[in-house]
Protein chains: 2
Amino acid sequence: MKTKERNSSTAQLDELDQHVGYALRRAQLAVFADFIAGQRGPVARPGQFSVLAVIGTHPGITQSQLCAALGIKRANLVAVIDQFESLGLARRLPSATDRRSNRLQLTSAGQRALQSARSAQARHEARIVKLLGAEGRRELLELLAKLCELKRS
Amino acid sequence: MKTKERNSSTAQLDELDQHVGYALRRAQLAVFADFIAGQRGPVARPGQFSVLAVIGTHPGITQSQLCAALGIKRANLVAVIDQFESLGLARRLPSATDRRSNRLQLTSAGQRALQSARSAQARHEARIVKLLGAEGRRELLELLAKLCELKRS
DNA sequence: TATTGTTATACTCTATAACTATA
DNA sequence: TATAGTTATAGAGTATAACAATA
């Protein structure tokens with residue numbers, strides 16, 4: 001005898017469902033949950049994956065550069081790299097030209113973990129295509145990119 | 001002499017920018033920031049706004065029903081309602097039929113706060129339409145709704 | 001037995017300030 | 001002076017377990 005739906009993902013919120021911010025938050029939670037559920041290896045979370053992937057494609061990148069690329073704070077990267085090092089996935093190497101900064105590299109275990117995470121990511125993305133269609137997904141990415149321009153105004 | 005962009009919102013992440021989850025997270029942060037920046041009254045955060053709005057459109061709703069509608073945990077709603085009560089925006093009224101539950105209502109100050117928050121929300125949504133176009137926004141809402149079906153699989 | 005609201009607690013993510021060692 | 005990495009800390013947001021009152 002509930003007057004409301006009890007399943008949060010099917011709730012009728014009339015007003016709120018027409019708000020881009022609200023729809024965006026709900027969709028992001030669903031997509032992240034699907035991403036996480038599909039990951040097998042030691043790198044299960046979106047934040048960890050993005051760090052691992054950028055180190056993989058930019059070996060030798062410094063922590064500050066990595067933070068700038070991902071839009072995260074230097075202070076918050078430290079624990080992530082600490083964890084990667086303790087898992088044997090990445091290394092901090094001294095820079096030859098600037099003794100303040102660390103150059104980041106994946107170990108071979110890190111490269112394998114990245115490969116595995118990328119496969120899971122590809123399957124995750126395929127589930128999205130199944131829902132939206134390839135064209136729908138492309139449109140979505142375009143619309144989302146436009147939304148980021150809100151930051152500059 | 002940076003090799004990467006230093007502004008997080010313009011960073012070139014090659015691989016990551018093609019990931020729906022990543023694009024979704026970045027867009028959501030930008031949209032929430034714009035929403036928050038535009039709010040004036042005591043209810044500045046998206047989570048607070050959604051609670052206030054649902055009480056406003058469903059006066060007499062119980063805390064459990066509200067949680068089910070928004071997909072949040074009962075334990076986490078308590079502090080929000082406490083805050084609304086201390087700000088004089090909402091009231092907990094005893095239910096006539098079930099002495100376990102509280103029926104939630106906005107005070108007149110709460111209704112004014114909701115009205116003000118809705119105006120700011122409308123201006124926020126208008127900025128989004130300016131970026132995406134009315135049709136782009138409609139498409140976006142449809143695509144986001146589809147993504148939520150990931151939860152059921 | 002099950003549900004409502006509540007407390008306590010913990011974990012993640014994010015943000016700031018301040019320190020050190022370098023530049 | 002300014003920057004890179006680090007520490008400490010604090011605030012949101014979210015999650016679970018357990019309890020008292022009530023169904």
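Structure: above.
Read on for an overview of the structure.

What counts as what
- Residues numbered from 1 in each chain as written.
- Chains lettered and ligands numbered in written order.
- Predicted model: local features only at pLDDT ≥ 70, side-chain atom pairs only at ≥ 80, totals over all residues.
- Heavy atoms only, no water.
- Phe/Tyr/Trp six-rings, centres within 6.5 Å; stacked < 30°, edge-to-face > 60°.
- Helix = DSSP H or I, 4+ residues; strand = E, 2+ residues; numbered from the N terminus.
- Buried < 20%, exposed > 50% of the residue type's maximum accessible area, 1.4 Å probe, protein only.
- Near = heavy atom within 4 Å.
- Polar contact = N/O pair within 3.5 Å; in protein donor to acceptor, adjacent residues only side chain to side chain.
- Nonpolar A, V, L, I, M, F, W, Y, C, P; charged D, E, K, R; others polar.
- Salt bridge = Lys/Arg side-chain N within 4 Å of Asp/Glu carboxyl O.

Attention shifts here to the packing of aromatic side chains. Residue and element names in this part refer to chain B. Enumeration according to the criterion identifies two aromatic pairs over all chains in this entry. Relative to Phe49, the ring of Phe35 has its centre 5.5 Å away and its plane inclined at 65°; by these criteria the two rings are edge-to-face. Here the residue Phe35 occupies a position in helix α1 (residues 20–38), and Phe49 occupies one in helix α2 (residues 46–57), the gap between them amounting to 14 residues. The pair Phe35 / Phe49 is uniform in exposure class, with both members buried.

In the vicinity of DNA strand D lie 18 residues, with Gln63(A), Ser64(A), Arg100(A), Asn76(B) and Arg99(B) positioned nearest. Close to the protein, within 4 Å, the atoms of DNA strand D are drawn from sugar and phosphate at a rate of 63%. One nitrogen or oxygen atom from the side chain of Gln63(A) is found 2.7 Å from a phosphate oxygen belonging to DNA strand D. Here a base nitrogen of DNA strand D sits 2.8 Å away from a polar atom, N or O, in the side chain of Asn76(B). Elements supplying a minimum of two residues to the surface near DNA strand D: α3 (63–70) and α4 (74–86) of chain A together with α4 (74–86) of chain B. When residues of the surface near DNA strand D are assigned to their parent elements, the largest contribution, three residues, is made by α4(A). Partitioned by chemical class, the residues of the surface near DNA strand D number three nonpolar, six polar and nine charged.

The environment of DNA strand C is made up of 18 residues, and the closest members are Arg99(A), Gln63(B), Ser64(B), Arg74(B) and Arg100(B). The sugar and phosphate moieties of DNA strand C supply 58% of its atoms located within 4 Å of the protein. In the environment of DNA strand C, a phosphate oxygen lies 2.8 Å from a nitrogen or oxygen atom belonging to the backbone of Arg99(A). If you list the elements that add at least two residues to the surface near DNA strand C, you get α4 of chain A together with α3 (63–70) and α4 of chain B. Residue classes in the surface near DNA strand C are distributed as three nonpolar, six polar and nine charged.

The next subject is the pattern of salt bridges. For the structure shown, the criterion picks out 16 salt bridges over all chains. Put simply, Glu15(A) and Arg118(B) hold a salt bridge, and the shortest N to O gap is 2.7 Å. With Glu15(A) in the segment before α1 (20–38) and Arg118(B) in helix α5 (residues 108–147), this residue pair bridges two chains. It is possible to trace a salt-bridge network through shared partners that takes in Asp82(A), Glu85(A) and Arg92(A).

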